[in-house]
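Overview (structure and organization)
Single-letter residue listing:
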2 protein chains.
Amino acid sequence: LDDIVAAARRLAGRALVTPLLHDPGLDAQLGGTLYVKAEALQRTGSFKFRGACNRIAQLTDAERAGGVVAHSSGNHAQAVAAAAAEAGVAATIVMPSDSAAAYKTARTRALGATVVGYDRQTEDRAATAEAIARRTGATLVPPFDDPAIVAGQGTVGLEIANQCAAIGRLPDIVLAPCSGGGLVAGVATALRAKAPACAVHSVEPEGYDDTARSLAADERLANRGYPPTLCDALQSARPGALTFSINRELLSGGLVVTDEEVRAAMRLAAQTFKLVLEPGGAAALAALLARRIELGGRTAVVVASGGNIAPEAYARLIA
Amino acid sequence: LDDIVAAARRLAGRALVTPLLHDPGLDAQLGGTLYVKAEALQRTGSFKFRGACNRIAQLTDAERAGGVVAHSSGNHAQAVAAAAAEAGVAATIVMPSDSAAAYKTARTRALGATVVGYDRQTEDRAATAEAIARRTGATLVPPFDDPAIVAGQGTVGLEIANQCAAIGRLPDIVLAPCSGGGLVAGVATALRAKAPACAVHSVEPEGYDDTARSLAADERLANRGYPPTLCDALQSARPGALTFSINRELLSGGLVVTDEEVRAAMRLAAQTFKLVLEPGGAAALAALLARRIELGGRTAVVVASGGNIAPEAYARLIA
């Protein structure tokens with residue numbers, strides 16, 4: 001918690017304190033109280049800006065001079081690029097070279113970063129990034145398996161606890177999308193301290209349910225292959241070592257959603273909350289709407305974690 | 001200002017304090033600093049909830065028992081319906097019966113209000129609502145030309161001033177969409193007190209530039225006919241008497257935008273700010289993007305005033 005509070009201090013004035021959105025009509029349908037933590041509104045369009053900013057703010061002068069390197073399917077890429085640019089630090093990002101990533105790749109380049117492509121099916125992006133770090137002396141900014149990254153993402157949980165306390169309604173349930181597990185680990189850490197009775201669940205897309213299965217087995221299990229999914233932001237191969245060590249202690253379980261459920265959640269987010277969500281960013285909302293967990297009069301917060309999607313693809317998915 | 005501060009107190013815990021969104025990349029393109037006041041995230045999807053809530057909170061017990069009646073093309077309708085439902089007051093709303101209004105009509109009914117249709121081309125909706133008020137004893141909640149409504153909408157301006165002061169950057173320019181002029185009158189009143197050097201402009205769609213022309217002529221002028229426009233929320237016939245008496249004193253002028261400029265602003269709002277905006281809600285952003293006013297290193301806030309649009313129409317406009 002101390003690390004998360006320190007991260008919140010570093011992020012003050014840089015990251016947005018994103019609002020909790022609420023719709024009484026939806027509450028009536030769901031039989032409880034739902035708040036949406038609108039993290040798609042965050043700088044660079046996802047929560048990833050928090051962790052990247054927190055990590056880059058702690059670079060030494062020597063590390064700043066050497067620049068940073070990261071690997072990402074897109075949201076961490078934009079976050080590192082923006083946080084590095086604002087700190088005056090050079091950034092190199094290893095990103096998928098396929099067309100699915102083109103939108104996020106273009107946005108990352110526009111933020112001033114150097115983008116190096118890799119093949120999602122055949123190459124190991126982490127190894128590629130590590131090789132660049134060794135060759136150039138740049139500091140690696142990992143997407144999730146790093147204490148400063150987890151603490152940065154944990155500020156989402158701290159804000160949820162503070163915002164809920166301010167309206168006198170601590171959450172019973174919090175759901176967060178999960179790829180490597182950094183967001184949900186940070187959120188669960190904050191809530192364990194601030195709302196100990198709250199049950200925190202990870203939410204993953206079908207085919208990428210490594211954290212759900214790992215939680216059930218109490219050991220780190222990998223996904224098999226790269227099945228198609230709408231949720232391009234949630235395609236990590238396996239839980240992180242650090243993140244899983246936190247999540248196995250703090251999570252109440254892992255939920256899994258289908259592409260159709262994600263799509264319905266994207267539509268509802270647009271109609272009811274006026275929020276553009278990318279598929280991965282709508283996963284937690286999807287789990288609640290699909291009743292993977294029943295509200296039963298309780299109060300839930302779902303993290304709407306990102307909104308980076310090309311307008312054409314978005315228009316197709318919500319039409 | 002006292003009325004606006006009192007309204008803010010009434011709205012606390014009911015209306016959302018909407019965030020100011022910011023993107024440094026866009027600032028670089030525009031040559032200044034731009035904040036988007038994300039009022040589409042407001043309860044019922046537009047700023048109108050503020051005025052409706054402020055008016056209904058001041059009903060006497062006898063007035064509450066008689067219910068309220070309002071006329072609206074859509075956003076004021078949903079706002080009055082929701083504010084009335086939460087206050088336990090019956091609401092009747094006079095709304096256009098054409099297909100363009102179907103989405104907003106359905107949402108208003110879902111909020112528990114009784115909807116009465118009228119013909120946008122041939123009937124006077126204000127007269128229809130007044131007749132209902134006389135017949136049933138219900139209290140009229142006007143869309144803009146009412147001190148409590150203007151004060152409620154003015155809380156948008158108060159929040160802008162407070163949020164900008166908190167980041168040490170008072171705005172030089174504020175742009176707000178304008179139909180009858182209640183929003184921009186309230187915003188200008190708050191800013192006159194809190195940021196006296198700030199220039200406030202109304203923004204209207206082509207064909208509905210009654211406030212721009214009235215400001216130039218220094219007298220209330222009406223629009224001619226009902227030309228087609230994407231901005232269904234900004235189709236008032238003429239400036240209000242109260243609102244124009246404020247706006248002629250406080251506004252620096254009126255800007256006008258085209259449908260194509262509005263559409264480009266809707267796309268940018270989705271891509272950069274992850275915000276679903278309806279055409280009228282994007283008008284102020286459109287004016288800045290189309291350089292109807294040049295930033296020239298200054299700081300501007302545009303009010304993104306609403307996001308109520310059917311997903312199919314929205315998908316078509318941003319694709």
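Described below are features of the structure shown in this document. Because the structure is a prediction, the values reported are computed rather than measured.

A few words on the packing of aromatic side chains. The tally for this structure, following the rule as stated, stands at 0 aromatic pairs over all chains. Directly above the ring of Phe49 of chain A sits Arg43 of chain A, whose terminal nitrogen or CZ lies 4.7 Å from the centroid.

Residue and element names in this part refer to chain B. Every buried residue of helix H1 (residues 2-11) is accounted for by Ile4, Ala7 and Leu11. Projection of H1 onto a plane perpendicular to its axis shows the buried side chains occupying an angular sector of 55°, all on one side. Among the exposed residues of H1, those oriented more than 90 degrees off its buried face are Asp2 and Arg9. On its buried face, H1 sits against helix H3 (48-56), helix H8 (147-166) and helix H9 (182-194). Where H1 ends, the next residue or the one after it, Gly13, has phi of about 85°, a positive value.

All names here are of chain B. Taking strand neighbours across the sheet as the criterion, the 6 strands line up as S1-S2-S10-S7-S8-S9 in an open arrangement whose pairing is mixed. Looking at the sheet topology across the chains shown, the edges are occupied by strand S1 (20-22) and strand S9 (253-257). Averaged over all pairs of adjacent strands, the angle between strand axes in this sheet comes to 30°, irrespective of strand direction.

A few words now on the pattern of salt bridges. Residues and elements named next belong to chain A. Evaluation of the coordinates by the stated rule reveals 26 salt bridges over all chains. Its salt-bridge partner being Asp218, residue Arg248 comes within 3.0 Å of it at the nearest N-O pair. On the criterion of sequence distance, the pair formed by Arg248 in helix H11 (residues 241-250) and Asp218 in the loop between helix H10 (210-217) and H11 is long-range, its members being 30 residues apart. Members of the salt-bridge network, linked through shared partners, are Lys37, Glu39, Arg50 and Glu159.

Looking now at the relation of the copies chain B and chain A. The transformation that overlays chain B on chain A combines an axial shift of 0.0 Å with a rotation of 180°, and the residual RMSD is 0.0 Å. In symmetry terms, the pair is related by a two-fold rotation axis. When C-alpha positions in chain B are compared against the rotation axis, the closest is assigned to Ala315 of chain B, at 2.1 Å. When the interface residues of chain B are mapped onto chain A, 100% of them again fall at the interface, so both copies present the same face.

All names here are of chain B. Two numbers describe how H3 lies on helix H5 (residues 75-87): the axes approach to 8 Å, and their chain directions differ by 40°. The pairing of H3 with H5 is recorded here as oblique in orientation. The handedness of the crossing between H3 and H5 comes out as right-handed. Between H3, through Lys48, Phe49, Ala52, Cys53 and Ile56, and H5, the contact on the second element is made entirely by Asn75, His76, Ala79, Val80, Ala82, Ala83, Ala84, Glu86 and Ala87. Within the contact of H3 with H5, the residues separate by chemical class into 10 nonpolar, 2 polar and 2 charged.

What follows deals with the pairing of strand S7 (residues 173-177) of chain A. Residues and elements named next belong to chain A. Across the 5 residues that make up S7, a large majority, 5, are buried. Every second residue of S7 is oriented toward a common face, with Ile173, Leu175 and Pro177 on one face and Val174 and Ala176 on the other, all of them buried. With 5 bridges joining them, S7 and strand S8 (residues 199-205) adopt parallel strand pairing. Note on S8: the bridge partner recorded for Pro177 is Val203. Handedness of the crossover joining S7 and S8 through helix H9 (residues 182-194) is recorded here as right-handed.

For the rest of this paragraph, the subject is the interface of chain B and chain A. Listed as interface residues are 29 residues of chain B and, on the opposing side, 29 residues of chain A. Summed over the shared surface of chain B and chain A, the number is 2 salt bridges. Our count for the contact surface shared by chain B and chain A stands at 12 residue pairs in polar contact (both at pLDDT 80 or more). Elements that contribute at least two residues to the side of chain B that touches chain A include exactly S1, helix H6 (102-110), helix H12 (259-273) and helix H14 (311-318) of chain B.

What counts as what
- Residues numbered from 1 in each chain as written.
- Chains lettered and ligands numbered in written order.
- Predicted model: local features only at pLDDT ≥ 70, side-chain atom pairs only at ≥ 80, totals over all residues.
- Heavy atoms only, no water.
- Phe/Tyr/Trp six-rings, centres within 6.5 Å; stacked < 30°, edge-to-face > 60°.
- Lys NZ or Arg CZ within 6 Å of the ring centre and 35° of its normal.
- Buried < 20%, exposed > 50% of the residue type's maximum accessible area, 1.4 Å probe, protein only.
- Helix = DSSP H or I, 4+ residues; strand = E, 2+ residues; numbered from the N terminus.
- Arc of directions from axis to C-beta.
- Contact = heavy atoms within 4.5 Å.
- Pairing = 2+ DSSP bridges.
- Axes fitted to C-alpha atoms, helices over the stretch in contact; angles between N-to-C directions.
- Salt bridge = Lys/Arg side-chain N within 4 Å of Asp/Glu carboxyl O.
- Least-squares fit on C-alpha atoms with pLDDT ≥ 70 in both.
- Parallel < 35°, antiparallel > 145°, perpendicular 65-115°, else oblique.
- Left-handed = near helix turned anticlockwise from the far one by under 90°.
- Nonpolar A, V, L, I, M, F, W, Y, C, P; charged D, E, K, R; others polar.
- Right-handed = clockwise from strand over helix to strand, strands pointing away.
- Polar contact = N/O pair within 3.5 Å; in protein donor to acceptor, adjacent residues only side chain to side chain.

Taken by themselves, the reported measurements are silent on function.
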